[in-house]
Structures are given as C-alpha cells and as structure tokens.
Amino acid sequence: MPIKLIILDMAGTTVLDQHEVEHCFKLAADKNGLLASDERILALQGYAKLLVFRMLWEEQLGKGSEQIEPNAQKSYLDFTEILENHYKTNPIYPTEGCLELFSYLHQHGITIALTTGFYRKVANIILDKLGWGQSLNGNYINLQNKEGIHISITPDEVGGKGRPAPDMIEYAMKMAGIKDKSEVINIGDTPVDLLFGKNAGVRLALGVCNGTHTREQLVSYPNDGLLEKISDLIDIIENDKK
C-alpha cells in the first residue's frame with residue numbers, strides 16, 4: 001500500500017522548539033504555586049495542557065480534592081496568556097529537515113496533516129507566522145495546497161480529545177478521505193506522540209530525536225523507528241516503494 005498521509009506534530013517536530021513551551025508552563029505553574037519539576041513537565045510534553053495541569057494538581061493536592069479543577073483552570077488561563085504573548089513577540093522557525101520533507105511530500109502527492117496539543121488560537125499564531133495557514137479554509141483544510149500543509153488539527157476539532165487518544169489521527173484520515181491506516185504514518189518528538197500513533201494503529205509510529213526529547217529518552221517507548229530529523233522520512237518512503 002502506498003503512503004498517502006503523513007501526520008506530524010507541531011512543536012518540536014515541525015516547529016523548532018527551544019523549550020519555550022516548558023518555560024511558559026513553568027512560569028504559570030510557579031505563579032500559581034504548583035510544584036512541578038522540569039523533568040516532570042518535559043515528560044508530559046505533547047498532552048493537552050489543561051489535562052497536564054489537572055494531572056499535576058491532582059499529584060500535589062491528592063485525588064478528590066475540590067481545589068484541583070479551579071487551580072487547573074486558573075493555571076491554564078495564565079499559561080495561555082504567557083504562551084500567546086511568547087509566540088506573538090518571538091520569531092518562529094521550522095525544524096531542520098521540515099521544509100525539505102514538505103517539498104518532497106508535495107512533489108509526490110502525499111497529504112500533510114499537523115496535529116498538536118495546543119488549542120486553536122496558539123496553533124493559528126504559529127501557522128500564520130510560518131506562512132502555513134493562510135490558504136486553509138474555515139475548517140483548517142486545503143487538500144489542493146501546493147506548499148505548506150493540507151490539514152491542521154487541534155484537540156478543539158475533536159471534542160477536546162488530545163493525545164494519546166487517536167481521535168486527531170482519525171479526524172485527519174477522514175478529512176483526507178483515507179480509510180486504510182496502512183497508508184498513514186505518524187511522527188512526533190515525545191513519548192505521547194509515539195503512543196498516539198500506536199493507539200491509532202497507523203502503519204508507522206515514528207519518533208524524531210532533534211525535538212524536545214533525545215533518542216535516549218524515546219528509545220524505551222514502543223515505536224516503529226527513531227529519526228535524527230524528519231526529512232529522514234523521505235528514505236523510508238522511498239524504500240517502501242521498492
């Protein structure tokens with residue numbers, strides 16, 4: 001079966017991540033008295049951020065505490081303000097190999113979908129700054145795009161069901177008109193990205209090692225291969241044709 005759809009994470013996979021998401025998260029946590037180590041925050045990269053705040057507040061306050069939800073909501077609100085301001089006021093760059101991969105996929109008629117744990121407003125700030133979002137329609141889709149991306153998906157489009165639930169991958173397949181999961185590859189740079197692809201049952205759940213996590217940090221999680229940069233996917237697709 002030929003590969004017809006490549007699903008890519010944003011921050012750390014296609015969008016250069018210099019740990020600014022973790023930094024913004026840490027600022028919001030500190031502001032609200034949430035005790036979370038840098039290692040714990042990194043381990044939860046890729047999850048929807050409100051869910052992460054709920055998880056961390058539950059760890060700190062104990063399961064069943066009535067303060068978990070209000071604290072999580074307040075922390076998340078502060079985080080969104082800090083993060084939006086960061087992306088609005090700082091340059092944003094694609095990762096190494098990203099544009100090379102995009103060019104190859106366009107040349108070979110393969111659909112490009114981006115998924116993220118970000119909510120829609122932040123995803124749009126990033127897409128607009130990179131020039132990847134201008135030609136998408138109101139549903140964040142343009143399958144006729146000749147450059148940039150074809151589909152953008154946040155948890156907002158799937159009822160808030162972020163990773164590792166497979167809903168965003170299944171939504172991308174539906175929007176691309178693809179029913180066979182063996183025609184789909186998912187790539188991300190975090191453990192939850194790998195679990196995301198595995199839960200969806202796609203052909204390959206791949207990791208990239210130049211994002212937020214190193215090869216050493218990803219290797220112990222179930223995966224179908226770890227790439228140094230996402231343009232290494234080109235060789236995988238080419239070899240698959242043989």
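Attention here is on the structure that accompanies the text. (Residues numbered from 1 in each chain as written. Predicted model: local features only at pLDDT ≥ 70, side-chain atom pairs only at ≥ 80, totals over all residues. Heavy atoms only, no water.)

A complete count under the given rule lists 0 disulfides for this structure. Cysteine Cys209 is unpaired, with the sulfur of Cys98 as its nearest cysteine sulfur at 16 Å. (Disulfide = S-S within 2.5 Å.)

Here 6 strands make up an open sheet; going across it, the order is β3-β2-β1-β4-β5-β6 and the pairing parallel. At either margin of the open sheet sits one strand with a lone partner, and together these are β3 (151-153) and β6 (226-227). Each of β1 (5-9) and β2 (111-115) touches helix α5 (residues 98-107); the most contacted strand, β2, lies at about 140° to it. Against the sheet, helix α7 (residues 167-176) makes contact with β1, β2, β3 and β4 (184-188), and its axis sits at roughly 155° relative to β3, the strand it touches most. (Pairing = 2+ DSSP bridges. Helix = DSSP H or I, 4+ residues; strand = E, 2+ residues; numbered from the N terminus. Contact = heavy atoms within 4.5 Å. Axes fitted to C-alpha atoms, helices over the stretch in contact; angles between N-to-C directions.)

This part takes up unusual backbone geometry. Phi is mostly negative for residues that are not glycine, and the peptide bonds are mostly trans. Note the cis peptide between Arg163 and Pro164, where omega equals 5°. With respect to the helices, strands and loops of the structure, Pro164 is situated in the loop between β3 and α7. One non-glycine residue, His19, adopts positive backbone phi at about 65°. Checked against the element boundaries, His19 lands in the loop between β1 and α1 (20-31). For His19, a relative accessible area of 39% corresponds to the partly exposed category. A positive phi angle is found at Tyr140, which is not glycine, with a value near 65°. By the element assignment, Tyr140 lies in the loop between α6 (120-130) and β3. (Buried < 20%, exposed > 50% of the residue type's maximum accessible area, 1.4 Å probe, protein only.)

Right, let's talk about the pairing of β4 for a bit. Where burial is concerned, most of β4 is hidden: 5 out of the 5 residues are buried. Note that β1 and β4 share 4 bridges and pair parallel. Paired with Leu5 across the two strands is Val184, which belongs to β4. Taken together, the 4 bridges between β4 and strand β5 (residues 204-208) define a ladder with parallel strand orientation. Its bridge partner being in β5, Asn186 is matched across the sheet by Ala205. At this point the chain moves from β4, through helix α8 (residues 191-200), to the parallel β5, and the crossover so formed is right-handed. (Right-handed = clockwise from strand over helix to strand, strands pointing away.)

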